[in-house]
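Read off the chains here:
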Amino acid sequence: MGAKLPLEEVSTGQVRETTFWTNAVEGSPFRFRATHLDGRRAPKVVLCDDPGVRPGVPCTVRIKAIRKPNRDDRGAIEVELVRVLDFALEGVWLDPVVSRKLQVLLESGLNILLDGPQGCGKTTLAKSIATTLAMEFVLFNCGAVIEASDFLATVQVRASESGHPVTDFVKTEILTALEEADASPRRRYLVFLDELNRCPESARNALMPALDATRRLFDPIENRFRAIPDNVQFVAAVNRGNEFSGTFAIDPAQLDRFAPVQMDYPPPPEEVKLLTKRHPGMSAALIELIVKVAARVREQPEVGGTLSVRATEEACIYLDHPLFEEDQRNALPEILKSSFCGRLPGKWSDTASDAGAAWATITAVLKEDAR
Ligand SMILES: Nc1ncnc2c1ncn2[C@@H]1O[C@H](COP(=O)(O)OP(=O)(O)OP(=O)(O)O)[C@@H](O)[C@H]1O
Ligand SMILES: [Mg+2]
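Just so we're clear, the structure is a prediction, and the values are computed from it rather than from any experiment.

Turning our attention to the overall build of the protein. Counting its regular elements, the protein contains eleven helices and 15 strands. Principal-axis analysis of the C-alpha atoms places the extent of the protein at approximately 80 × 65 × 45 Å. Long-range contacts, defined as pairs at least 24 residues apart, comprise 64% of the intrachain contacts of the protein with a sequence gap of at least 6. Averaging the positions of the 45 positive and the 52 negative side-chain charges in the protein gives two centres separated by 6 Å.

What follows is the structure in structure tokens.
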């Protein structure tokens, strides 16, 4: 960060770059505050109340007013938002076009549906969005939902003091988040509905009013509809699994309430970068070979959507361990047999099965590499 920016250099109408954070000052009419302009310390606190501001994401602003210019210890620079700049997501690779689409959707507050094969980074991405945008991350696994009311509360049976069974409603993470969001309108909540396609259709239907203009959900504890506050954004993830036997069963009316964003496995050079960062002690050639094998296995239509980044990461975890360090090349085939073939239907020794087809690819790529 550069030296302090003199007040004489700041004037109304100028456009400058800054990054806001939530303004914690009680009672202030400005939701966002920043301390720097164009990378230099601002002569006064920079304040903005534009709802389009994303905390933690750089933006350009136009200077509207300078309050109390003659006081060193008081006053403020009031600005209006011009444009939110590109945001960089920590620790996750994202296709640049998908990244821009996401930014637009997040700015407009639309519900987002991340659609991509198993282990392509949907959960990692949702968490990273929340961290980058300084939002509270609320993970809810829809796979455990059986009935509509399970989104907000679950019924637990316990023994009372007299030994009789009594039932209690236990709030889910979603209900707790909605209550918190109501109480803290300045904090923003990202509710991540993971594995949305895994819950029964009837339960998913009950979620629909939360996702359209009605923005409300039935609260089984209070026995009334509860409004979804504006500071709550929904991001859901679905997993199509294998393209050819996919269990993606969300009906069109449900789908229509989301802006779908397609994701895929990182391209091999990006997967190599991810793994190298996590296993800096491993040889680049070995990581490249593991990723090359995975890419070739993923090309096979029957296993296309099931060999995740978790599989390549697992192979690296084995080989990076002192127990395998001495003998990495010899151990590689056995490790790929369990980490890759073990994730697929069938047995590695049965050439007619998916696991067997993957094993044939693994041995072919390793043989090519040994030449
Ligand atoms: N694009 C990516 N960028 C960074 N890491 C990734 C990416 N894709 C996968 N990974 C890594 O792979 C592992 C699995 O990722 P994650 O759990 O986010 O996948 P997912 O798409 O949510 O999987 P599932 O469909 O099984 O829920 C994590 O260790 C994650 O860090
Ligand atoms: Mg996930």
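Time to look at the packing of aromatic side chains. One pass over the full model with this rule turns up five aromatic pairs. Seen in terms of ring centroids, Phe140 and Phe151 are 5.8 Å apart; in terms of plane orientation they differ by 40°. Their pairing is tilted. One end of the pair, Phe140, is in strand S8 (residues 136–141); the other, Phe151, is in the loop between S8 and strand S9 (153–159), and eleven residues separate them in sequence. No difference in accessibility class separates Phe140 from Phe151, as the two residues are buried. Where Phe218 meets Phe225, the ring centres are 5.3 Å apart and the plane angle is 70°; that geometry is what we call edge-to-face.

All right, on to the domain arrangement of the protein then. Assigned domains within the protein: domain 1 (7–84), domain 2 (96–262) and domain 3 (268–370). The gap between the C-alpha centroids of domain 1 and domain 3 is 50 Å.

As a further point, take the sheet that holds strand S15 (residues 259–262). Strand order in this open sheet of five strands is S8-S11-S14-S7-S15, and the pairing throughout is parallel. Unpaired on one side and paired on the other, S8 and S15 mark the two borders of the sheet. When strand polarity is set aside, the average angle formed by the axes of neighbouring strands in this sheet is 20°. Looking at chain direction, strand S7 (residues 112–115) and S15 are connected through four bridges and run parallel. Following the sheet pairing, Leu114 is matched in S15 by Val261. Its contacts with the sheet put helix H3 (residues 173–183) on S8, strand S11 (189–194) and strand S14 (232–238), and the angle it makes with S8 is roughly 155°.

Moving on: a nonpolar patch on the surface. Judged by side-chain polarity, Val155, Val157, Phe169 and Ile221 come together as a nonpolar surface patch covering roughly 370 Å² of accessible area. Inspection of the secondary structure assignment puts Val155 in strand S9. With relative accessibility at 53%, the residue Val155 sits in the exposed group.

What follows deals with the pairing of strand S12 (residues 216–219). Burial of S12 is one-sided: the residues Leu217 and Asp219 facing one way are buried, the residues Arg216 and Phe218 facing the other way are not. Relative to strand S13 (residues 224–227), S12 runs antiparallel, the two sharing four bridges. For Leu217, the partnering residue across the bridge sits in S13 and is Arg226. Linking two consecutive strands that pair antiparallel, namely S12 and S13, is a turn of four residues; a positive phi of about 60° is found at Asn223 within it.

The next point concerns the site of ligand 1. Around ligand 1 there are 17 residues in total, and Lys122, Thr123, Thr124, Arg278 and Arg310 lie nearest to it. Between an oxygen atom of ligand 1 and a main-chain N or O atom of Gly121, the distance comes to 3.1 Å. In the model, an oxygen atom of ligand 1 is placed 2.7 Å from a nitrogen or oxygen of the Lys122 side chain. Listing elements by their share of the shell around ligand 1, those giving two or more residues are helix H2 (122–132), helix H6 (268–278) and helix H8 (309–319). Top element by residues in the shell around ligand 1 is H2. It accounts for three residues. Each residue belonging to the shell around ligand 1 can be placed in one class, and the counts come to seven nonpolar, seven polar and three charged. Here the shell around ligand 1 spans two domains, since at least three of its residues come from each of domain 2 (96–262) and domain 3 (268–370).

Analysis parameters
- Numbering of residues begins from 1 in every chain and follows the order in which that chain's sequence is written.
- Numbering of ligands from 1 and lettering of chains from A proceed in the order in which they are written.
- Two thresholds apply to this predicted model, a pLDDT of at least 70 for residue-level local features and 80 or more for giving and counting side-chain atom pairs, whereas whole-chain, interface and lining totals are computed over all residues.
- Excluded from the side-chain calculation are hydrogens and water; included are all heavy atoms of the structure.
- To qualify as a helix, a DSSP run of H or I must reach at least 4 residues; to qualify as a strand, a run of E must reach at least 2; elements of each kind are numbered from the N terminus.
- Residue contacts are counted whenever heavy atoms from the two residues lie within 4.5 Å of one another.
- A positive count includes Lys and Arg, and a negative count includes Asp and Glu. His and the chain ends are not counted in either.
- By convention, charge coordinates are those of NZ in Lys, CZ in Arg, CG in Asp, or CD in Glu.
- We call Phe, Tyr and Trp rings a pair once their centres come within 6.5 Å, taking the six-membered ring for Trp, and we label the pair stacked below 30 degrees between planes, edge-to-face above 60, and tilted otherwise.
- Each residue's exposure class comes from its accessible area (1.4 Å probe, protein chains only) as a fraction of the maximum for that residue type: buried when under 20%, exposed when over 50%, partly exposed otherwise.
- Domain boundaries shown here were taken from an automatic or database domain assignment.
- Note on pairing: DSSP must find at least two bridges between two strands before they are called paired.
- Note on geometry: axes are C-alpha line fits, over the in-contact stretch for helices, and angles between N-to-C directions span 0 to 180 degrees.
- For patch building, the residue pool is restricted to those with more than 30% relative accessible area and no salt bridge; the joining distance is 9 Å between like charges and 5 Å between nonpolar side chains (Val, Leu, Ile, Met, Phe, Trp, Tyr).
- Only the protein chains shown count as cover for residues, with accessible areas throughout obtained via the Shrake-Rupley method and a probe of 1.4 Å.
- The salt bridge criterion pairs a side-chain nitrogen of Lys or Arg with a carboxyl oxygen of Asp or Glu, the two atoms within 4 Å.
- Any residue with a non-hydrogen atom lying within 4 Å of a molecule or strand is treated as near it.
- Polar contacts, as counted here, are pairs of nitrogen or oxygen atoms within 3.5 Å of one another; within protein the pair requires one atom able to donate a hydrogen and one able to accept it, and residues that are adjacent in sequence qualify only if both atoms are side-chain atoms.
- When residues are grouped by polarity, Ala, Val, Leu, Ile, Met, Phe, Trp, Tyr, Cys and Pro land in nonpolar, Asp, Glu, Lys and Arg in charged, and all others, Gly among them, in polar.

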